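Residues per chain, in single letters:
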Amino acid sequence: MPQFKQRQFLEFEKPVKELFDQVAQLKQMSEKNPKMDYTDTLQQLEQSIVEKRKEITQHLTPWQQVQLSRHPDRPYTHAYIKRMCTNYIELYGDRNVRDDKAIVGGFGQLDGQTIMIIGHQKGINTKMRQLRNFGMANPEGYRKALRLMKLAEKFNKPIVTLIDTPGAFPGAEAEERGQGEAIARNIYEMMRLKVPVICVIIGEGASGGALGIGVGDRVLMLQNTWYTVISPENCSSILWRSWEKKEVAAQQLKLTSTDMKGFGLVDDVVPEPDGGAHWNYEETSQTLKSYLIPLIKELQSIDPAARVQQRIEKYSKMGFWEELPQ
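This section reports on the structure supplied with the text. (Residues numbered from 1 in each chain as written. Predicted model: local features only at pLDDT ≥ 70, side-chain atom pairs only at ≥ 80, totals over all residues. Heavy atoms only, no water.)

1. Some thoughts on the overall build of the protein chain
Here is step 1 of the chain: Broken down by element type, the protein chain carries 14 helices and eight strands.
Here is step 2 of the chain: Against the globule reference of 20 Å for 326 residues, the protein chain gives a C-alpha radius of gyration of 21 Å, in line with a compact fold.
Here is step 3 of the chain: Dimensions of the protein chain, computed from C-alpha atoms along their principal axes, come out at roughly 75 × 50 × 40 Å.
Here is step 4 of the chain: Within the protein chain, the proportion of its 326 residues that are buried is 51%.
Here is step 5 of the chain: Long-range pairs, those at least 24 residues apart, make up 72% of the contacts in the protein chain with a sequence separation of at least 6.
Here is step 6 of the chain: Total accessible area on the protein chain is roughly 16,400 Å²; 51% of this is exposed by carbon and sulfur atoms.
Here is step 7 of the chain: Seen as two clouds, the 43 positive and the 41 negative side-chain charges of the protein chain have centres 5 Å apart. (Helix = DSSP H or I, 4+ residues; strand = E, 2+ residues; numbered from the N terminus. Rg over C-alpha atoms; globule rule 2.2 N^0.38 Å. Buried < 20%, exposed > 50% of the residue type's maximum accessible area, 1.4 Å probe, protein only. Contact = heavy atoms within 4.5 Å. Areas by Shrake-Rupley, 256 points an atom, 1.4 Å probe, with all protein chains shown as cover. Lys, Arg positive; Asp, Glu negative; His and termini not counted. Charge placed at Lys NZ, Arg CZ, Asp CG, Glu CD.)

Structure, rendered in structure tokens:
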């Protein structure tokens, strides 16, 4: 059953909001008139909310999935770490410039297995989103991530990355400090890491901002996420000089988890609770954990040199091309 609290609703979630409002009204009436019993009606409404969430999720357009991936109530990296890991110790800084708050990471235990877990963190309110730069990392964020990956490799610990970013920070100062080089360096180094690497797209997976921590032996996507070279809005802006075609762009970009798995760019899709991950953090986290544990064991059983070679071959085969005859 849904937990009734102050929630935010997207446009296509309005039918659920109406049911929520009815529940709130009944609860107020129950408090004013304790003698009246609304239990049966409340249970019916709660069941209707569950059914409506399921109905909405089954008929999402690509643009609606993009919106759902950005839902303000959606869990971010720290939410998953809190629910999946024990004994988590966050590590800070790139040992060069500063600590980038848009990328977090550290050692933690996943069902007794010590791992290095790294991910984008957007922030849960306006103040925190500004502190986290809305999940858009600077070069030092990617260099911090690489430092932590190398630390994990030194101690032979698997790496899990959680990706949720609208893109790397595009500011002039980021470019001056080597944004492109930092991302390229991460891609190069992640390809050669001798420990298992699993990447999970938990929200937005946009462009080089995602690829900077997105190269792994296995890549997973949560059900209502997207992964592509450019956001629908920016694609629309380039092609049609307007954001009005963003829904068309989302359709044409083939950016959903289903599309990505069909193209062979990701290995599996992790199901979310009906209505999206923001309805049940615990269920989403435990489902993801149930995917990660066997994957880590599978990858650890492979010789490191063979695993690196498989990773290189995996990415070498991606994409579509045609060779013309001589």
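On we go from here.
2. Quick word on a nonpolar patch on the surface
Here is step 1 of the chain: On the surface, I238, L239, W240 and V248 cluster together to form a nonpolar patch covering roughly 380 Å² of accessible area.
Here is step 2 of the chain: Looking at which element gives the most residues to the nonpolar patch, the answer is helix α10 (residues 232–240), with three residues.
Here is step 3 of the chain: Counting through the fold element by element, L239 comes out in helix α10. (Patch = residues over 30% accessible without salt bridge, like charges linked within 9 Å, V, L, I, M, F, W, Y side chains within 5 Å. Salt bridge = Lys/Arg side-chain N within 4 Å of Asp/Glu carboxyl O.)

3. Digging into the nonpolar core
Here is step 1 of the chain: Grouped together as the largest cluster of nonpolar side chains are 32 residues, with contacts concentrated most on M116, I118, Y142, M149, I159, M190 and Y227.
Here is step 2 of the chain: Sorting elements by how many residues they give to this core places helix α6 (residues 139–154) first, with five residues.
Here is step 3 of the chain: Setting aside residues no more than four positions away along its own chain, M190 makes contact with M149, T161, V197, C199, G212, I213, G214, V215 and R311.
Here is step 4 of the chain: Core analysis: the second largest hydrophobic core is formed by 23 residues, M84, I202, V270 and L288 among them. (Core = buried A, V, L, I, M, F, W, Y, C linked by side-chain atoms within 4.5 Å.)

4. What to know about the packing of helix α1 (residues 14–32) against helix α2 (residues 39–57)
Here is step 1 of the chain: At a minimum axis separation of 9 Å, α1 and α2 run at an interaxial angle of 165°. In terms of axis orientation, α1 runs roughly antiparallel to α2. In terms of crossing hand, the pair formed by α1 and α2 is left-handed. Contacts from P15, V16, L19, F20, Q22, V23, L26 and K27 in α1 reach T41, L42, L45, S48, I49, K52, R53 and I56 in α2.
Here is step 2 of the chain: The class makeup of the residues in the contact of α1 with α2 is ten nonpolar, three polar and three charged. (Axes fitted to C-alpha atoms, helices over the stretch in contact; angles between N-to-C directions. Parallel < 35°, antiparallel > 145°, perpendicular 65-115°, else oblique. Left-handed = near helix turned anticlockwise from the far one by under 90°. Nonpolar A, V, L, I, M, F, W, Y, C, P; charged D, E, K, R; others polar.)

5. Details of the environment of D111
Here is step 1 of the chain: Secondary-structure assignment places D111 in the loop between β2 (103–110) and β3 (113–120).
Here is step 2 of the chain: Judged by its relative accessible area of 55%, D111 falls in the exposed class.
Here is step 3 of the chain: Taking the C-alpha atoms as reference points, D111 and I293, separated by 182 residues in sequence, lie 7.6 Å from one another.
Here is step 4 of the chain: Those residues within four positions of D111 in sequence are excluded, and the remaining contacts are K289 and I293.

6. Digging into the pattern of salt bridges
Here is step 1 of the chain: All told, the structure shown has 22 salt bridges when counted by the stated rule.
Here is step 2 of the chain: In this structure, the salt-bridge partner of E189 is K150, at a minimum N-O distance of 3.1 Å. Residue E189 is found in helix α8 (residues 179–192), and its partner K150 is found in helix α6; the two are separated by 39 residues along the sequence.
Here is step 3 of the chain: Of the residues examined, E189 reaches a relative accessible area of 9% and is grouped as buried.

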